[in-house]
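Each chain, letter by letter, is given below.
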Amino acid sequence: MPRYDMVDISNNNGAISTTTFKAMKAKGVKAVIAKVSEGTYFQDGLAKANLARAKSVGLVIHAYHFARFTTVAGAQAEARFAVNCAKAAGLPIGHVLVCDFESYNRGWAQNNATTKAFAEIVKAAGYRYDLYTMGSWVSSVSINNSGRAGWIANYPYSATGKRYYSDYNSWQWTSSATFLGSGSRFDVSVNWSDFYFAGGATVLKPKNTGTYFDWTPAWIYPKYQVAAYKTASAVGSGKGAVKTYKPKTQLHVKRLVKSGSSKVTRFELTNGLYITASKDYINNLYYTNAKKHVKVVKSVRGTGKYTSKKFDDKYLKQKYVAGTEFDVAKVVAVGEVSRLLLADGTYISGNKLINKFIA
């Protein structure tokens, strides 16, 4: 079962006692996030006292606003209202004010325009910003906050052993948790970064399995933030880093650097910098003909289908919206990249950040 890292609360949970907040903490909860507002018409009158009690037992506190906007002007009005409600609830500057975006889906372009307008006002007020939405909507709105962001809700029948949405800040995996001292049911999330624990968006490090690349993909991307150095020997030292790369940054590889008989390897990038070649931190960007054949992918932001491996406009057959799933017949190498051959003889991109692995 996933961890109990964060609990979100609202007026629906009533006045929550110190006893219940202590029970949450004993269960492993580190942060509480309270609803403070909705639209431009509702201010949660219980938020201030509930947050004060949560803070008194040592829990980190944040707030969220339930969005009703459909226009940029509406988003700006709601953001100003949310900021005022967060201040009234005693939310300190520097803590997180989330946009709970699950009411109206107006498509990629409009959703991005409205949520961006909301975020700008929240950040200008001194709060950190994140966006909450449903798993089915992640491809309908831009979720971007220092390269890693998003609080995603998805409740599987059994969450045991699952690591859904691990590229995001947090996964809300249940809405039916109970705690001592309250007859209410609560939403609980597991956090994949410390965005809601600390003052920034520092990414939690993965478990160190000690596995490294022993081959050289032409293109890679970090699964977690990684540092780059001027020499291969400096990688991993934590000293002298000249650059950091955010998760999902596409990087071009020059060569794999081995260290004697050690299995530890590094990547030299085409820009002359070096980063780790740990499989815990790095993934190859394009699908390959590996033993575990990719069978189904889903478009992340929309994708084109072509009648040729050459992705020229003259071969473009059809464009598909984000969220479209494709059955893959074969992975085909094309120079440094790959294409996914479909059953009808057409091709889509083999870039994992464009067409995400499903099965």
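Asks: Lay out helix α2 (residues 47-56) with the relevant residues and their values.
Replies: The complete set of buried residues in α2 reads Ala-47, Asn-50, Leu-51 and Ala-54. Summarising the axial view, the buried residues of α2 lie within an arc of 95°, below the 170-degree limit, and thus occupy one face. Seen from the buried face of α2, the exposed residues on the opposite side, beyond 90 degrees, are Lys-48 and Ser-56. On its buried face, α2 is in contact with β1 (6-9), α1 (18-26), β2 (31-38) and β4 (60-66).

Asks: Can you break down the nonpolar core residue by residue, with the values?
Replies: Ranked by size, the top nonpolar core spans 55 residues in total, and within it Phe-21, Leu-97, Phe-118 and Phe-179 carry the most contacts. Here this core gets six residues from one element, more than from any other, and that element is helix α3 (residues 72-88). Residues within four places of Phe-21 in sequence aside, it is in contact with Ile-9, Ile-16, Val-32, Asn-50, Arg-53, Ala-54, Val-57 and Leu-59. In terms of nonpolar packing, the next biggest core, distinct from the first, is built from 14 residues, Ile-220, Val-226, Leu-269 and Ile-282 among them.

Asks: Can you break down the packing of α3 against helix α4 (residues 108-124) residue by residue, with the values?
Replies: Contact geometry for α3 and α4: axes closest at 8 Å, N-to-C directions at 30°. By the angle between their axes, α3 is roughly parallel relative to α4. The handedness of the crossing between α3 and α4 comes out as right-handed. Between α3, through Val-72, Ala-75, Gln-76, Glu-78, Ala-79, Arg-80, Ala-82 and Val-83, and α4, the contact on the second element is made entirely by Gln-110, Ala-113, Thr-114, Ala-117, Phe-118, Ile-121 and Val-122. A breakdown of the residues in the contact of α3 with α4 according to their chemical character gives ten nonpolar, three polar and two charged.

Asks: Report on the pairing of strand β5 (residues 96-100), specifying residues and quantitative values.
Replies: Here β5 lies mainly inside the structure; five of its five residues are buried. Residue alternation in β5 divides its side chains into two sets, Val-96, Val-98 and Asp-100 and Leu-97 and Cys-99, and both sets are buried. Sheet topology note: the β4/β5 ladder contains four bridges and is parallel. Each residue of the ladder has a partner; that of Ala-63, found in β5, is Leu-97. Handedness of the β5-α4-strand β6 (residues 128-134) crossover: right-handed.

Asks: Could you give an account of unusual backbone geometry, with specific residues and numbers?
Replies: Despite not being glycine, Tyr-165 shows a phi value in the positive range, around 55°. In this structure, Tyr-165 sits in the loop between β7 (151-153) and β8 (170-177).

Asks: Before we move on, could you go through the pairing of strand β9 (residues 186-191) and cite the residues and values that matter?
Replies: Here β9 lies mainly inside the structure; five of its six residues are buried. Where β1 lies against β9, three bridges are found, and the strand directions are antiparallel. Residue pairing in the sheet places Asp-8 in a bridge with Asp-187 of β9.

Asks: I'd love a proper account of the environment of Ser-10, names of residues and values included.
Replies: On the secondary structure map, Ser-10 appears in the loop between β1 and α1. On the basis of relative accessible area, Ser-10 is assigned to the buried category, the value being 9%. For Ser-10 and Gln-76, which are 66 residues apart along the polypeptide, the C-alpha to C-alpha distance reads 23 Å. Beyond its immediate stretch of four places on either side in the chain, Ser-10 contacts Lys-35, Asp-44 and Tyr-64.

Asks: Quick one: what's the story with the sheet that holds strand β10 (residues 219-222), residue by residue and with numbers?
Replies: Read from one edge of the open sheet, five strands run β15-β14-β13-β10-β16, paired in antiparallel fashion. In this open sheet, the two edge strands, each paired with only one partner strand, are β15 (274-276) and β16 (282-284). Each strand axis lies, on average, 50° off the axis of its neighbour in the sheet, ignoring direction. Bridge count between strand β13 (residues 251-258) and strand β14 (residues 265-269): five bridges; the pairing is antiparallel. Residue pairing for β14: Arg-255 is matched across the bridge by Glu-268.

Asks: Tell me about the pattern of salt bridges, residues and numbers included.
Replies: For the coordinates displayed, the defined rule picks out seven salt bridges. Glu-38 is the partner of Lys-35 in a salt bridge, and the nearest nitrogen-oxygen pair spans 2.6 Å. Per residue, the accessibility class of Lys-35 equals that of Glu-38, and both read buried. Here Arg-68 ties to Glu-38 by a salt bridge, and the two come within 2.7 Å at their closest N and O atoms. Note that Arg-68 is positioned in the loop between β4 and α3 and Glu-38 in strand β2, a separation of 30 residues in sequence. On the accessibility criterion, Arg-68 (33% relative accessible area) is partly exposed. Owing to a relative accessible area of 11%, Glu-38 belongs among the buried residues under this scheme. Put simply, Arg-3, Asp-5 and Lys-30 are held in one network by salt bridges that share partners.

Asks: I'd like to hear about the packing of aromatic side chains, residue by residue, with values.
Replies: Here a ring pair, both rings aromatic, is described through the centre-centre distance and the interplanar angle of the planes. Applying the stated rule across the entire model yields 18 aromatic pairs. Pairing Tyr-164 with Trp-171 gives two aromatic rings, centres 4.9 Å apart and planes at 40°, and the pair type is tilted. Residue classification places Tyr-164 among the partly exposed positions, given a relative accessible area of 29%. On the basis of relative accessible area, Trp-171 is assigned to the buried category, the value being 0%. When the centroid spacing of 4.1 Å and the interplanar angle of 10° are considered together, the rings of Tyr-306 and Phe-311 count as stacked. In this structure Tyr-306 comes out as buried when scored by relative accessible area, which is 13%.

Scoring rules and cut-offs
- Residues numbered from 1 in each chain as written.
- Predicted model: local features only at pLDDT ≥ 70, side-chain atom pairs only at ≥ 80, totals over all residues.
- Heavy atoms only, no water.
- Buried < 20%, exposed > 50% of the residue type's maximum accessible area, 1.4 Å probe, protein only.
- Helix = DSSP H or I, 4+ residues; strand = E, 2+ residues; numbered from the N terminus.
- Arc of directions from axis to C-beta.
- Contact = heavy atoms within 4.5 Å.
- Core = buried A, V, L, I, M, F, W, Y, C linked by side-chain atoms within 4.5 Å.
- Axes fitted to C-alpha atoms, helices over the stretch in contact; angles between N-to-C directions.
- Parallel < 35°, antiparallel > 145°, perpendicular 65-115°, else oblique.
- Left-handed = near helix turned anticlockwise from the far one by under 90°.
- Nonpolar A, V, L, I, M, F, W, Y, C, P; charged D, E, K, R; others polar.
- Pairing = 2+ DSSP bridges.
- Right-handed = clockwise from strand over helix to strand, strands pointing away.
- Salt bridge = Lys/Arg side-chain N within 4 Å of Asp/Glu carboxyl O.
- Phe/Tyr/Trp six-rings, centres within 6.5 Å; stacked < 30°, edge-to-face > 60°.

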